[in-house]
2 protein chains.
Amino acid sequence: MQRHDVEVLLLGNELLRGERRDAHLAFVAQVAQRAGARVDECHAVGDDVAAIASKVRERLPRTRVLVVTGGLGPTDDDVTREGVAEAIGAPLEFREDAWREIEAFMSARGRTATEANRRQAHFPRGADILVNSLGTAPGFALAADGAHVFVLPGPPRELQPMMESLVLPKLLQVFGREPLRVETLRTVGIAESQLFEMLEPTTFALTAYSVSWVPSIAGVDVVLTEKRDAPRDRLDAEAQRVHERMTEVLGSKYYERGARPLALVVGETLRARRETLAVAESLTGGTIARLVTEHAGSSDYFLASAVAYANESKTAFLGVRAETIEQFGAVSEETCTEMAHGARRRANATYGVATTGIAGPGGGTPHKPVGLVFIGVAWDGGSQIKRVIYPGDRAAIRDRAAHGAMWLVHDRLVRTPEK
Amino acid sequence: MQRHDVEVLLLGNELLRGERRDAHLAFVAQVAQRAGARVDECHAVGDDVAAIASKVRERLPRTRVLVVTGGLGPTDDDVTREGVAEAIGAPLEFREDAWREIEAFMSARGRTATEANRRQAHFPRGADILVNSLGTAPGFALAADGAHVFVLPGPPRELQPMMESLVLPKLLQVFGREPLRVETLRTVGIAESQLFEMLEPTTFALTAYSVSWVPSIAGVDVVLTEKRDAPRDRLDAEAQRVHERMTEVLGSKYYERGARPLALVVGETLRARRETLAVAESLTGGTIARLVTEHAGSSDYFLASAVAYANESKTAFLGVRAETIEQFGAVSEETCTEMAHGARRRANATYGVATTGIAGPGGGTPHKPVGLVFIGVAWDGGSQIKRVIYPGDRAAIRDRAAHGAMWLVHDRLVRTPEK
């Protein structure tokens, strides 16, 4: 049987008890892809020496690369070192050089390395140490049973740079392949089955790519992945054909050919046009501001957001008239319009975007049910407000409303010629 | 060999290509725990009929329950139905009753069920249909090779209610056990190895629980999990001993015995005291507002947040004096103080909490490096401001600053007797 390219083994009781969501598989997969390799399987087991040893032994003969994550911490529930050592039949040895690194790391932060940290300086005999410049847990690499094994610490901010700087170069050596071409085409505001039907004849006819449909709270991505033995001369033309079809059929709801999220697409358009954005949020409670400011450099186009939950705050922070709220309610087209204009004026921005609605679970009425949201964009001289009913729970309604509002801004930018 | 309690099989190319993070393992694990069962292993494979069939066949004899997620969508990259059918050697059959449900679901939303949706009405012969009231993909259940198999759709908002209402009752029957007792004790602002040393003699001496240390961006949780054959009469006393030790050693940095996040602990304290909060955010960009408003009922105590990125917006939305920014800079104790007071006064809140700092990656200087943050809380008559340097990347700095600021509010509440 042919070995897999890459397998991932996630360790940690907290994963299997549901106390934490895994963040590593996605990252390892992205890095593997840059080496033209594919993650074929992933496994998760608990912090138990026997369970780890048995799973590592089981996987070694089936894969070329095994990436093991987590369980390298200082506390005695972290037993990955022991499990891997047992799997390959090598004893754990104290490594002076690693210990000095740990001591230096702690003292640079005004702390002293503890006895607990000493466990982190133990490695299976023969392993190469992988230096961790952002934490106390070094990783290690070894070869066993025909597989390359990389063992990395659990905190994502430590694992990620180690994966990029230490593991990726090795993967490039091992696989020596061209990365597969992947094209992501992103849409917002269209259901998966509808999108599939709308694009059907074009996407069915592809010979160089396999197509997947990846729905998330932000929208549905159409992902074209090069087939391993694809006719390479068709790659450009087929991707272009899908792109053109999506542009024609979907308009501004097809917002990105690439990996940028909607908030970044909007942001970069604003930057290029030297225009700015201010936000007025009610039910989305800071979600829009957070999506926009996730990106470095967002201060070029993002000026401010007022998260005005209380009615009085809508007046104090955004200048919404108390009479408007009294007459039409906080969840109304009229209030949404004044919020969008208020944010725009007070921040002196080109556009104001606003949300007001009922995120639930309480607070709904027959006329204004949970999920009812007004989203709007305002500019000097006009505004566009939409009434939407979003399905789902509180978190889903908030996130959908935030993406819906950002799409309104995008749509406005697409329709309005640059000045 | 003894069978595992529960295993989870995650399906989806998007997981193995890193386009999406899994959300199911954690949720399934939490539900299993409520039935006194443990998830012992988790696996992920791609959307490939042969890979799915082979993994399902491999796991069936090793576990009592297998939960399979994803790949039930309408598009032709969704092949979970085919894979499971092949694994158990049963043909797929069209089910009229499921098809009518799908048609009704679509027409209630003003849409028409498409040919693509028809695939979703096919199930392995003999399977019980699991109704999905929030989407078009029904799940199904069957028994094979001594294991109970539950196959559920991928979108979390569909899977989660199905897991609770349809799978949990079955798990309770299968296992018929008391749930294991789990105690979570949450801390903020202390490194894992330090915390371990501080609590060491107490946590080492436990006989009824195993201890795990779960660090995340919000802080470190100490999780006590009942050992399967624990002396049950010691459970209360040992948990209490850890609780008292943590209270004594950590003070307000030990903020919760239970599952509530810091923002909810603060919120419920505010509600009980009939006090309110307003927020002024710079580098955290809406993160604090979002953390606080995630919780239903937060409008009882959360009034508003001004995310004031631009200096002019700090003045327009919060009344920060232009001279203060000019003289001390936007990232300074003085500006932070005026932001906190400005939010408090303008929203007419009991407390104002503020953040200003440099999230990076650009914008740092030798005097004001990336990671430098001022966090502060203000009340009528006073304020407390802290200067902190947070490690990590932009996302980590933003999240840590948000949690640091919320801890300041918590600390203030703990120190101030209720009026």
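As a convention, each chain's residues are numbered from 1 in the sequence order in which they are written. The naming scheme follows written order: chains are lettered A onward, ligands numbered 1 onward. Two thresholds apply to this predicted model, a pLDDT of at least 70 for residue-level local features and 80 or more for giving and counting side-chain atom pairs, whereas whole-chain, interface and lining totals are computed over all residues.

(A) How the structure looks around the overall build of chain A. Secondary structure elements are defined from DSSP: runs of H or I of at least 4 residues count as helices, runs of E of at least 2 residues count as strands, and each element is numbered from the N terminus. Looking only at helices and strands, one finds 15 helices and 17 strands in chain A. Viewed in the frame of its principal axes, chain A has a C-alpha envelope of about 75 × 55 × 40 Å. Put plainly, a residue is buried at 20 or more neighbouring C-beta atoms within 10 Å of its own, exposed at 12 or fewer, and partly exposed in between, counting only other residues' C-beta atoms, which are placed from the backbone. Within chain A, the proportion of its 419 residues that are buried is 53%. Think of it this way: build a C-beta for each residue from its backbone, and any pair within 7 Å is a contact. Taking the intrachain contacts of chain A between residues at least 6 apart in sequence as the baseline, contacts between residues at least 24 apart amount to 66%.

(B) Structural view of the relation of the copies chain A and chain B. To superpose the copies, least squares is applied to the C-alpha atoms of every residue with a pLDDT of at least 70 in both. With an RMSD of 0.1 Å, the operation that places chain A on chain B is a rotation of 180° combined with a shift of 0.0 Å along the axis. Given the turn and translation reported, the copies of this chain are related as if by a two-fold rotation axis. With an isologous cut-off of 70% or more, the 100% of interface residues of chain A that recur at the interface of chain B puts this contact in the isologous class.

(C) Structural view of the sheet that holds strand 15 (residues 351–357) of chain B. At least two DSSP bridges between two strands are required for those strands to pair. An order of 17(A)-16(A)-15(A)-13(A)-14(A)-14(B)-13(B)-15(B)-16(B)-17(B) is seen for the 10 strands of this open sheet, with the pairing classed as mixed. This sheet does not close on itself; its edge strands, each paired only once, are strand 17 (382–389) of chain A together with strand 17 (382–389) of chain B. Going across the sheet, the axis of each strand differs from the next one's by a mean of 10°, ignoring polarity. Fitted lines through C-alpha atoms serve as axes, helices being fitted only where they are in contact, and the angles separating the N-to-C directions of these axes extend from 0 to 180 degrees. Together, strand 13 (277–281) and strand 14 (302–308) of chain A together with strand 14 (302–308) of chain B form the strand contacts of helix 12 (residues 311–318) of chain A, whose direction differs from that of strand 14 of chain A by roughly 155°.

(D) Representation of unusual backbone geometry in the model. Residue and element names in this part refer to chain A. Geometrically, the link from glycine 360 to proline 361 is a cis peptide bond, its omega value of 0° lying close to zero. Located in the positive-phi region is arginine 274, a residue other than glycine, with phi close to 55°. Among the structural elements, arginine 274 can be located in the loop between helix 10 (262–273) and strand 13. With 11 C-beta atoms packed within 10 Å, arginine 274 lands in the exposed category. Even without being glycine, asparagine 348 reaches a positive phi, approximately 60°. Here asparagine 348 falls in the partly exposed class, since 14 other C-beta atoms lie within 10 Å of it.

(E) Highlighting the domain arrangement of chain A. The split of the chain into domains comes from an automatic or database domain assignment. By domain assignment, chain A separates into domain 1 (4–175), domain 2 (182–257) and domain 3 (265–415). On a C-alpha basis, the centroid separation for the pair domain 1 of chain A and domain 2 of chain A is 36 Å.

(F) Here's a closer look at the interface of chain A and chain B. Residue-level contacts link 78 residues of chain A with 78 residues of chain B. Note on residue categories: nonpolar means Ala, Val, Leu, Ile, Met, Phe, Trp, Tyr, Cys or Pro, charged means Asp, Glu, Lys or Arg, and polar means any other residue, Gly included. For the side of chain A that touches chain B, the class distribution of residues is 35 nonpolar, 24 polar and 19 charged. Sheet topology note: the strand 14 of chain A/strand 14 of chain B ladder contains five bridges and is antiparallel. When the sheet's bridge partners are listed, alanine 308 of chain A is paired in strand 14 of chain B with alanine 304 of chain B.

(G) Here's a closer look at helix 5 (residues 96–108) of chain A. All names here are of chain A. Compared with the 18 Å implied by 1.5 Å per residue over 13 residues, the 18 Å span of helix 5 between its first and last C-alpha is a close match. Among the residues of helix 5, Ala98, Glu101, Ile102 and Phe105 are the ones counted as buried. Taken around the axis of helix 5, the buried residues stretch over an arc of 100°, which confines them to a single face. Exposed residues lying more than 90 degrees from the buried face of helix 5 are Glu96, Asp97, Arg100, Ala104 and Ser107. By definition here, a helix of n residues has an expected span of 1.5 Å times n minus one. Think of the arc as the fan of directions from the helix axis to the C-beta atoms.

(H) Fine view of the pairing of strand 2 (residues 39–45) of chain A. By the criterion of burial, strand 2 of chain A is predominantly enclosed, with six of the seven residues buried. With six bridges connecting them, strand 1 (residues 4–11) of chain A and strand 2 of chain A associate as parallel partners. Counterpart to leucine 9 of chain A in the pairing with strand 2 of chain A is histidine 43 of chain A. The pairing of strand 2 of chain A with strand 2 (residues 39–45) of chain B spans five bridges and is antiparallel. When the bridges of strand 2 of chain B are listed, cysteine 42 of chain A appears paired with alanine 44 of chain B.

(I) Just the sheet that holds strand 12 (residues 254–257) of chain B, in detail. Residue and element names in this part refer to chain B. With respect to topology, four strands assemble into an open sheet ordered 10-11-9-12, the strand pairing being antiparallel. Strands at the two margins of the open sheet, each flanked by one partner only, are strand 10 (209–216) and strand 12. Strand after strand, the sheet turns through a mean of 20° between neighbouring axes, direction not considered. As defined by bridge partners, strand 10 adjoins strand 11 (residues 219–226) across eight bridges and the pair is classed as antiparallel. If you follow valine 214 over to strand 11, its bridge partner there is aspartate 221. Lying on the sheet, helix 8 (residues 192–204) is in contact with strand 9 (182–187), strand 10 and strand 11; it crosses strand 10 at an angle near 165°.

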